[in-house]
Amino acid sequence: MDRVAIDFGVIQIYWYSLFIILGMLVGMFFVYNEAKKKNIPEVIITNIVFYTVLVSIVGARLYYVIFNWSYYSVHSLEIFELWNGGLAIHGAIIFGGTFLIAYCKKRKLDILMILDICAVGLIIGQAIGRWGNFFNQEAYGSEVTLDFLKGLHLPQFIINGMHINGSYYHPTFLYESIWCLIGFVVLLVIRKRRYIKIGQMFATYCMWYGFGRFFIEGMRTDSLMLGSLKMAQIVSIGMFLVGLFFFIKRFK
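Since the model is a prediction, treat every value here as computed from it, not as a measurement.

1. A word on the overall build of the protein
Part 1: Counting its regular elements, the protein contains ten helices and seven strands.
Part 2: Here the C-alpha atoms of the protein give a radius of gyration of 19 Å, agreeing with the 18 Å that 2.2 N^0.38 yields for 252 residues.
Part 3: Viewed in the frame of its principal axes, the protein has a C-alpha envelope of about 55 × 40 × 35 Å.
Part 4: Considering the protein as a whole, with its 252 residues, one finds that 44% of them fall into the buried category.
Part 5: Look at the contacts in the protein between residues 6 or more apart in sequence, and 72% of them connect residues 24 or more apart.
Part 6: About 13600 Å² of surface is accessible on the protein, with carbon and sulfur atoms providing 68% of the total.
Part 7: If you average the places of the 22 positive and of the 14 negative side-chain charges in the protein, the two averages end up 17 Å apart.

So this is what it looks like as structure tokens:
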């Protein structure tokens, strides 16, 4: 599979980069749309989005590099080659979320409301960004048969993309993309319910993504590890519990 989308000779633009950027742009659109409904000034949400996105990208890369330090300590220049993949969404959530909370506290903004606004844009951005992993032929699962993939009624180009080094693999990138897309629809539906309290949108995102990612991660073969444990599963459990806690607390 050709990873290069546009080749200018000296400069090459990769599919991975395009889908990450597209995911960010679509996510930003929904963040701005949600902020407008909450009557938050555009200048405030622009500052939040700009700085949080920057911190999230750095955090996503730093998180990935830390858990692959045995490789990057030898190939240090490759740390900056983002187009080759290696952006961990959990790193983006942890670093970006920490910065966002600190920023809101400093500016005396309603933290839970801002997190609610960001939840919708974040999950649709993840759904789109996962397709960058497809073109990089990464974030796939264990080995399967061609008949198994055909049984999923997948488009032929996805089946072809899952043929890596002579074998076929679970398209876990697709599973997660679909899960996030469904979660996006769920958030759009529940945000209009009068019984939903401030903070419960983000809580729902944490529970939804944490639950799905835990099981999808169990299928993957390229997980970031902490000893014998998959780091993404540990963080996913934490996300689910935090989301559950805040969802119940906001009802009370």
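2. Some remarks on the sheet that holds strand S5 (residues 167-169)
Part 1: Pairing in this open sheet of three strands is antiparallel, and the strands run S3-S5-S4 from one edge to the other. Since the sheet does not close on itself, it has two edges, and those belong to strand S3 (143-144) and strand S4 (163-164), each with one partner.

3. Considerations on a nonpolar patch on the surface
Part 1: There is a patch of nonpolar side chains on the surface, built from Ile6, Phe8, Val10, Ile11 and Leu18 and spanning about 510 Å² of accessible area.
Part 2: As for its placement among the helices and strands, Ile6 is situated in strand S1 (residues 4-7).
Part 3: By relative accessible area, Ile6 is classed as partly exposed at 34%.

4. As for the nonpolar core
Part 1: Core analysis: the largest hydrophobic core is formed by 42 residues, its most contacted members being Ile158, Leu187 and Tyr205.
Part 2: Element by element, the count of residues in this core is highest for helix H5 (residues 111-136), at nine residues.
Part 3: Ile40, Val49, Tyr103 and Cys104 belong to the second largest nonpolar core, which has 13 residues in total.

5. Description of helix H1 (residues 15-37)
Part 1: Here H1 spans 33 Å end to end across 23 residues, near enough to the 33 Å set by a 1.5 Å rise per residue.
Part 2: By the burial criterion, the buried members of H1 are Tyr16, Phe19, Gly23, Gly27, Phe30, Val31, Glu34 and Ala35.
Part 3: The inward-facing, buried residues of H1 abut strand S2 (12-14), helix H2 (42-66), H5 and helix H8 (172-190).
Part 4: Following H1 by one or two positions, Asn39 adopts a phi angle in the positive range, close to 60°.

6. Focus: the pairing of S1
Part 1: Bridge analysis of S1 against S2 gives three bridges, and the strand direction is antiparallel. Looking at the pairing, Ile6 lines up with Ile13 of S2.
Part 2: Counting the residues in the hairpin turn of S1 and S2 gives four residues, including Gly9, whose phi is positive at 90°.

7. A look at the state of the cysteines
Part 1: Under the counting rule described, the total for this entry stands at zero disulfides.
Part 2: Cysteine Cys118 is unpaired, with the sulfur of Cys104 as its nearest cysteine sulfur at 7.6 Å.

8. As for the packing of helix H4 (residues 89-106) against H5
Each pair of packed helices gets described by two things: the angle between the helix axes and the distance between those axes.
Part 1: Axis separation between H4 and H5 bottoms out at 12 Å; the angle between their running directions is 155°. Put simply, H4 runs roughly antiparallel to H5. In this structure, H4 meets H5 at a crossing whose hand is right-handed. Taken together, the residues of H5 that come into contact with H4 (itself represented by Ile89, Ile93, Leu100, Ile101, Cys104 and Lys105) are Ile111, Ile114, Leu115, Cys118, Leu122, Gln126 and Arg130.
Part 2: For the contact of H4 with H5, the residue count by class is ten nonpolar, one polar and two charged.

9. Focus on the environment of Phe246
Part 1: If you trace the backbone, Phe246 turns up in helix H10 (residues 231-251).
Part 2: Using a relative accessible area of 32% as the deciding quantity, one classes Phe246 as partly exposed.
Part 3: Once the C-alpha coordinates of Phe246 and Thr204 are considered, the two residues, 42 residues apart in sequence, prove to be 9.1 Å apart.

10. Digging into H10
Part 1: Between its first and last C-alpha atoms H10 spans 31 Å; for 21 residues at 1.5 Å apiece the expected length is 30 Å, and the two agree.
Part 2: Within the span of H10, buried status applies to Met231, Ala232, Gln233, Val235, Ser236, Met239, Gly243 and Phe247.
Part 3: For H10, the secondary structure elements touched by its buried residues are H2, H4, helix H9 (200-217), strand S6 (225-226) and strand S7 (229-230).

11. Considerations on the pattern of salt bridges
Part 1: Inspection of every chain in the model, using the stated rule, returns six salt bridges.
Part 2: With its nearest N and O atoms 1.9 Å apart, the salt bridge here joins Glu34 to Arg191. Residue Glu34 is found in helix H1, and its partner Arg191 is found in the loop between H8 and H9; the two are separated by 157 residues along the sequence.
Part 3: Owing to a relative accessible area of 5%, Glu34 belongs among the buried residues under this scheme.
Part 4: Arg191 sits in the partly exposed class, given a relative accessible area of 24%.
Part 5: In this structure, the salt-bridge partner of Glu176 is Arg213, at a minimum N-O distance of 3.7 Å. Residue Glu176 is found in helix H8, and its partner Arg213 is found in helix H9; the two are separated by 37 residues along the sequence. Like Arg213, Glu176 is buried.
Part 6: Put simply, Arg130, Glu176, Arg213, Glu217, Arg220 and Asp222 are held in one network by salt bridges that share partners.

What counts and how
Residues numbered from 1 in each chain as written. Predicted model: local features only at pLDDT ≥ 70, side-chain atom pairs only at ≥ 80, totals over all residues. Heavy atoms only, no water. Helix = DSSP H or I, 4+ residues; strand = E, 2+ residues; numbered from the N terminus. Rg over C-alpha atoms; globule rule 2.2 N^0.38 Å. Buried < 20%, exposed > 50% of the residue type's maximum accessible area, 1.4 Å probe, protein only. Contact = heavy atoms within 4.5 Å. Areas by Shrake-Rupley, 256 points an atom, 1.4 Å probe, with all protein chains shown as cover. Lys, Arg positive; Asp, Glu negative; His and termini not counted. Charge placed at Lys NZ, Arg CZ, Asp CG, Glu CD. Pairing = 2+ DSSP bridges. Patch = residues over 30% accessible without salt bridge, like charges linked within 9 Å, V, L, I, M, F, W, Y side chains within 5 Å. Salt bridge = Lys/Arg side-chain N within 4 Å of Asp/Glu carboxyl O. Core = buried A, V, L, I, M, F, W, Y, C linked by side-chain atoms within 4.5 Å. Expected span 1.5 Å × (residues − 1). Disulfide = S-S within 2.5 Å. Axes fitted to C-alpha atoms, helices over the stretch in contact; angles between N-to-C directions. Parallel < 35°, antiparallel > 145°, perpendicular 65-115°, else oblique. Left-handed = near helix turned anticlockwise from the far one by under 90°. Nonpolar A, V, L, I, M, F, W, Y, C, P; charged D, E, K, R; others polar.

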